[in-house]
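Observations on the model geometry
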Protein chains: 2
Amino acid sequence: MNVQKKKRGELIVLSGPSGVGKSTVIAELLSERSDIHFSVSFTTRSPRVGEADGVNYNFVTREEFERMIAGDELLEYAEYVGNYYGTSLKVIQEKLDKGIDVLLDIEVQGAAKVRQKCPEAVFIFIMPPSFEELSRRLHRRNTDSEEVIADRLTKAQQECRQIPQYDYLVVNDTVTAAAHEIIAILTAEGCRVKNRTHLIEGV
Amino acid sequence: MNVQKKKRGELIVLSGPSGVGKSTVIAELLSERSDIHFSVSFTTRSPRVGEADGVNYNFVTREEFERMIAGDELLEYAEYVGNYYGTSLKVIQEKLDKGIDVLLDIEVQGAAKVRQKCPEAVFIFIMPPSFEELSRRLHRRNTDSEEVIADRLTKAQQECRQIPQYDYLVVNDTVTAAAHEIIAILTAEGCRVKNRTHLIEGV
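Residue positions within a chain follow its written sequence, with the count starting from 1. Labels are handed out in written order, letters beginning with A for the chains and numbers beginning with 1 for the ligands. Selection of residues for local features in this predicted model requires a pLDDT of at least 70, selection of side-chain atom pairs for listing and counting requires 80 or more, and totals for whole chains, interfaces and linings are taken over all residues. Working from all heavy atoms in the structure, the side-chain values ignore hydrogens and water.

Right, let's talk about the overall build of chain A for a bit. When its secondary structure is counted, chain A shows 8 helices and 9 strands. Whereas a compact globule of 203 residues would reach a radius of gyration of roughly 17 Å, chain A reaches 18 Å, a difference of no more than 12%. Seen through its principal axes, chain A has C-alpha atoms that stretch 60 × 40 × 30 Å. Residues count as neighbours in contact if any of their non-hydrogen atoms are within 4.5 Å of one another. Nonlocal contacts in chain A, meaning residues at least 24 apart in sequence, comprise 66% of its contacts between residues at least 6 apart. Accessible surface, chain A: about 10300 Å² in total, of which carbon and sulfur atoms supply 48%. Counted as positive: Lys and Arg. Counted as negative: Asp and Glu. His and the chain ends are not counted at all. Charge positions are represented by NZ for Lys, CZ for Arg, CG for Asp and CD for Glu. Averaging the coordinates of the 26 positive side-chain charges in chain A and doing the same for the 31 negative ones gives two points 3 Å apart. Runs of H or I in DSSP of at least four residues are treated as helices and runs of E of at least two as strands, each being numbered from the N terminus. In this description the radius of gyration comes from C-alpha coordinates, and the expected globular size is given by 2.2 Å times residues to the power 0.38. In this description, accessible areas are obtained by the Shrake-Rupley approach with a 1.4 Å probe, and a residue is regarded as covered only by the protein chains that are shown.

This next bit is on the packing of aromatic side chains. Residues and elements named next belong to chain A. To pair, rings of Phe, Tyr and Trp, with the six-membered ring standing in for Trp, must have centres within 6.5 Å; the planes then decide the type, stacked if under 30 degrees apart, edge-to-face if over 60, and tilted in the middle. With the rule as written, the count across this model stands at 16 aromatic pairs over all chains. Measuring from ring centre to ring centre gives 5.9 Å for Y57 and Y85, while their planes differ by 65°; the resulting arrangement is edge-to-face. Here Y85 lies in strand β6 (residues 83-88) and Y57 lies in the loop between β3 (42-43) and β4 (58-59), a separation of 28 residues in the sequence. Arranged with centres 6.2 Å apart and planes meeting at 70°, the rings of F65 and Y77 form a pair that is edge-to-face. Residue F65 is found in helix α2 (residues 62-70), and its partner Y77 is found in strand β5 (residues 74-80); the two are separated by 12 residues along the sequence. By relative accessible area, which is 0% here, F65 ends up buried. Only protein chains enter the accessibility calculation, which uses a 1.4 Å probe. A residue is then buried if its area is under 20% of the maximum for its type, exposed if over 50%, and partly exposed in between.

The partner chain B presents 32 residues to the 32 residues of chain A that form the contact. Taken over both partners, the interface formed by chain A and chain B buries close to 2800 Å², and the fraction arising from carbon and sulfur atoms is 72%. The shortest N-O distance in the salt bridge between R196 of chain B and E181 of chain A comes to 3.1 Å. N or O atoms within 3.5 Å of each other form a polar contact, as long as, within protein, one can give a hydrogen and the other can take it, and as long as residues adjacent in sequence are counted only when both atoms are side-chain atoms. Inspection of the chain A/chain B interface yields 10 residue pairs in polar contact (both at pLDDT 80 or more). Breaking the side of chain A that touches chain B down by element, the ones donating at least two residues are α6 (146-160), β9 (168-171), α7 (175-191) and α8 (197-200) of chain A. Counting residues per element, the side of chain A that touches chain B draws most heavily on α7 of chain A, at 7 residues. Nonpolar residues are Ala, Val, Leu, Ile, Met, Phe, Trp, Tyr, Cys and Pro. Charged residues are Asp, Glu, Lys and Arg, and all others, Gly as well, are polar. Tallied by class, residues from the side of chain A that touches chain B come to 22 nonpolar, 4 polar and 6 charged. Accessible surface is computed with a 1.4 Å probe, and the buried area is the amount of it that two parts give up when combined, taken over both parts together. Any Lys or Arg side-chain nitrogen found within 4 Å of a carboxyl oxygen on Asp or Glu counts as a salt bridge.

What follows covers the sheet that holds strand β8 (residues 122-127) of chain B. The pairing of strands in a sheet comes from backbone hydrogen bonds and takes either a parallel or an antiparallel form. All names here are of chain B. Here, strands pair whenever DSSP counts at least two bridges between them. One open sheet holds the 5 strands; their spatial order is β2-β7-β1-β8-β9, and the pairing between them is parallel. Each having just a single partner strand, β2 (37-39) and β9 (168-171) make up the two edges of the open sheet. Each strand of the sheet is rotated relative to its neighbour by a mean of 25°, with strand direction disregarded. Summarising the sheet, strand β1 (residues 11-15) and strand β7 (residues 102-105) pair through 4 bridges and their orientation is parallel. Bridge pairing links L11 to V102 in β7. Axes, fitted as lines to C-alpha atoms, cover a helix only where it is in contact. Angles between the N-to-C directions of the axes lie from 0 to 180 degrees. Here helix α7 (residues 175-191) sits on the sheet and contacts β1, β8 and β9; the angle it forms with β9, its principal contact strand, is near 160°.

Think of it as a corkscrew move, a rotation about one axis and a shift along it, taking one chain copy to the other. Only residues with pLDDT of at least 70 in both copies contribute their C-alpha atoms to the least-squares superposition of the copies. Relative to chain B, chain A is turned by 177° and slid 0.1 Å along the rotation axis, the superposed coordinates differing by an RMSD of 1.6 Å. The superposition of one copy onto the other is thereby described by a two-fold rotation axis. If distances are taken from each C-alpha of chain A to the rotation axis, the shortest is found for A184 of chain A, at 2.1 Å. Here 100% of the interface residues in chain A have copies in chain B that are interface residues too; the copies meet face to matching face.

Axis angle and axis distance: for two packed helices, these are the angle between their axes and the distance between the axes, and together they describe the pair. Residues and elements named next belong to chain A. The contact between helix α1 (residues 22-32) and α7 brings their axes to 9 Å, and the two run at 55°. Put simply, α1 runs oblique to α7. Every pair of crossing elements has a handedness; the one defined by α1 and α7 is right-handed. On the side of α1, the interface is formed by T24, V25, E28, L29 and E32, while α7 contributes V175, T176, A178, A179, I182, I183 and L186. Looking at side-chain class alone, the contact of α1 with α7 contains 8 nonpolar, 2 polar and 2 charged residues. With respect to orientation, any angle under 35 degrees is reported as roughly parallel, any angle over 145 as roughly antiparallel, any angle of 65 to 115 as roughly perpendicular, and every other angle as oblique. Each crossing gets its hand from how the near helix is turned against the far one by less than a right angle, where anticlockwise is left-handed and clockwise is right-handed.

In structure tokens:
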């Protein structure tokens with residue numbers, strides 16, 4: 001009975017409606033838990049102004065993406081407005097095998113696919129304190145028209161119906177509190193008996 | 001979709017071998033989470049030096065304890081090294097109904113009984129970093145003979161075999177780290193979707 005490091009990393013899947021403040025919460029989380037690997041998605045769409053390859057997305061050609069599909073290298077992928085978006089299984093497996101926790105920021109449909117392939121992953125949904133507040137945040141962002149905001153709010157309500165499929169629900173009232181709850185969830189998951197069997201092998 | 005307080009308190013069951021340092025961890029935990037009600041067990045054993053009635057245990061006679069058994073007043077009870085130990089069901093229910101989390105410090109047999117009656121409770125096992133360290137801690141306590149210590153170590157090994165029945169495993173390497181992990185577990189449990197259904201009722 002000797003205490004060892006956890007053998008395998010954990011896959012953490014984070015979903016939440018557009019405008020809920022996920023990116024800010026993730027930035028706060030990663031600043032406190034720099035040992036977590038944030039999985040950057042692959043896409044065939046062109047980089048927008050200010051977007052960097054390997055940071056916002058891994059920008060690849062359609063041919064490269066289809067080679068990844070053919071090689072079964074993707075955990076999940078989808079085609080949206082003529083472009084592919086997907087998550088590399090290979091990169092994630094490598095990190096997990098090294099004992100590194102991996103964080104995925106993924107919408108509910110992608111999360112559903114991950115759940116089928118990796119039911120042992122930890123699924124966290126980030127919710128706004130209210131739809132009124134979500135509407136305020138989308139307006140404050142000042143990037144979308146009224147029509148697009150109305151679409152996003154409808155989509156947010158649909159996404160919230162998937163909450164029962166998730167393990168944890170975090171309300172993004174303040175970024176600090178939300179990040180604190182996610183950090184606590186990751187600590188707790190690391191303490192689960194099923195993730196610490198290596199500690200009791202000698203008993 | 002409005003954020004409300006959790007409706008019902010959670011029952012937290014903490015087990016661990018004698019000498020693991022549970023009392024110290026619990027004291028640290030309660031100093032940080034004073035909202036938790038620590039359920040004081042009833043016992044027929046004699047108080048040790050420094051132990052106070054109603055604080056460490058409710059010390060009762062064998063006759064009083066057997067009256068509680070007959071009156072079905074106990075969530076669980078067990079006889080251990082010649083003495084009764086038990087938990088009052090009534091006090092716990094009152095607290096949980098008020099939305100207060102209740103912490104039970106209970107050995108593995110008692111925990112197994114609570115698991116049957118309250119499967120929704122959170123079960124945490126506290127383990128020493130090694131049996132050598134547990135032996136050192138039991139000697140340092142300076143309350144038991146070599147024979148009693150040997151018995152406790154044998155019993156500890158038997159208890160550790162029940163770890164797979166628990167939800168979480170915390171290694172008491174340092175008191176601060178162990179208390180921190182338990183606090184994280186309680187925060188995470190509060191974030192579980194099943195404990196936050198009241199937040200999504202309106203969606």
